[in-house]
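Working through the structure, step by step
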Amino acid sequence: MKHTIEEFLINTFGFLPPELFVIVISAMPILELRGGIPLAHQLGFSFGEALFFGILGNLLPIIPILLLFRPVSKWMLKFSMYKRFYDWLYNRTMKKSNNVEKFGALGLILFTAVPLPTTGAYSASLAAILFFIPLKSAFLAIATGVVIAGVGVAGVMYMVF
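Residues numbered from 1 in each chain as written. Predicted model: local features only at pLDDT ≥ 70, side-chain atom pairs only at ≥ 80, totals over all residues. Heavy atoms only, no water.

**A look at the overall build of the protein**
Under the convention used in this document: Secondary structure is summarised from DSSP: a helix means a run of H or I of at least four residues, a strand means a run of E of at least two, and numbering begins at the N terminus for each. Note on method: radius of gyration uses C-alpha positions; expected globular size equals 2.2 Å times residues raised to 0.38. What makes two residues a contact is simply this: any of their non-hydrogen atoms within 4.5 Å. Positive charges come from Lys and Arg alone, negative charges from Asp and Glu alone, with His and the N- and C-terminal ends not counted. Where a charge lies is defined by one atom per residue type: Lys uses NZ, Arg uses CZ, Asp uses CG and Glu uses CD.
A tally of regular secondary structure across the protein gives 10 helices and zero strands. Listing every helix and strand of the protein by position from the N terminus yields α-α-α-α-α-α-α-α-α-α. On C-alpha atoms alone, the protein measures out to a radius of gyration of 16 Å, which is about the 15 Å that the 2.2 N^0.38 rule sets for 161 residues. Across its three principal axes, the protein shows a C-alpha extent of roughly 45 × 35 × 25 Å. Long-range pairs, those at least 24 residues apart, make up 66% of the contacts in the protein between residues at least 6 apart in sequence. Of note, the protein has its 12 positive side-chain charges centred 16 Å away from the centre of its 7 negative side-chain charges.

Set out below in structure tokens:
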């Protein structure tokens, strides 16, 4: 399966310059910088380059999500298929966001900084929306968490591998 995913990504995005390839992978849900930084390492980027492009890519979708998710979802809830997806997403986010509920923007930092599946910038953005954390506070907290996660992932990649 891993080989298939790698093959798909290379076939789909392989025409991009390496820096843009890392940014695109880091901007993708689920992969985020946990996928982008190891890719940058494999492509021969320095620690600083991998960190920069991974963080940049991971931050790009955050403001559009924070601004557009609520109005788009409000309209999309008319459709039963989206309603089922929204309910699943809402329940999953609420289960994982105890710290966000308890600590607000500070909880977003913790939630985003842990580089585990489903605890990245996308999930933190949804938690910020669901808990009505103001845009500026949410973005700063998520960005801080992304930087912490990026340093952790890059540190492991460049020190261990």
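Having seen the model, we can carry on.
**Some thoughts on the packing of aromatic side chains**
Quick reminder of the rule: Note on aromatic contacts: the rings of Phe and Tyr and the six-membered ring of Trp form a pair at centre separations within 6.5 Å, being stacked when their planes are under 30 degrees apart, edge-to-face when over 60 apart, and tilted otherwise. Only protein chains enter the area calculation, which uses a 1.4 Å probe; residues under 20% of their type maximum are buried, those over 50% are exposed, and those in between are partly exposed.
Evaluation of the coordinates by the stated rule reveals 10 aromatic pairs. Taken together, a centroid distance of 5.7 Å and an interplanar angle of 80 degrees make the contact between phenylalanine 47 and tyrosine 158 edge-to-face. Of this pair, phenylalanine 47 sits in helix 4 (residues 47–59) while tyrosine 158 is found in helix 10 (residues 135–160), placing the two residues 111 residues apart along the sequence. With a relative accessible area of 36%, phenylalanine 47 lands in the partly exposed category. Among the residues examined, tyrosine 158 registers a relative accessible area of 25% and is labelled partly exposed.

**Structural notes on the pattern of salt bridges**
Quick note on the threshold: Definition used for salt bridges: Asp or Glu carboxyl oxygen within 4 Å of a side-chain nitrogen of Lys or Arg.
Counted under the stated rule, the structure contains two salt bridges. One salt bridge connects arginine 34 with glutamate 32, and the closest N-O pair in it is separated by 3.9 Å. With a closest N to O distance of 3.1 Å, aspartate 87 and lysine 83 form a salt bridge. Placement of both aspartate 87 and lysine 83 in helix 6 (residues 80–96) is noted, with a separation of four residues, approximately one turn of the helix.

**Some words on the nonpolar core**
Rules: By nonpolar core is meant a set of buried Ala, Val, Leu, Ile, Met, Phe, Trp, Tyr and Cys residues that side-chain atoms within 4.5 Å join together.
Core analysis: the largest hydrophobic core is formed by 46 residues, its most contacted members being Leu33, Ile37, Phe69, Leu108, Ile142 and Val146. Among the elements that take part in this core, helix 10 stands out by supplying nine residues, more than any other.

**Some words on the environment of aspartate 87**
What makes aspartate 87 partly exposed here is its relative accessible area of 30%. Separated by 24 residues in the primary sequence, aspartate 87 and isoleucine 63 place their C-alpha atoms 22 Å from one another.

**Things to note about unusual backbone geometry**
Within the chain, isoleucine 30 stands out as a residue other than glycine whose phi angle is a positive 75 degrees. Tracing the backbone shows isoleucine 30 in the loop between helix 2 (18–27) and helix 3 (32–42). Non-glycine residue phenylalanine 132 carries a positive phi angle of around 55 degrees. Positionally, phenylalanine 132 belongs in the loop between helix 9 (121–130) and helix 10. Since its relative accessible area comes to 64%, phenylalanine 132 is described here as exposed.

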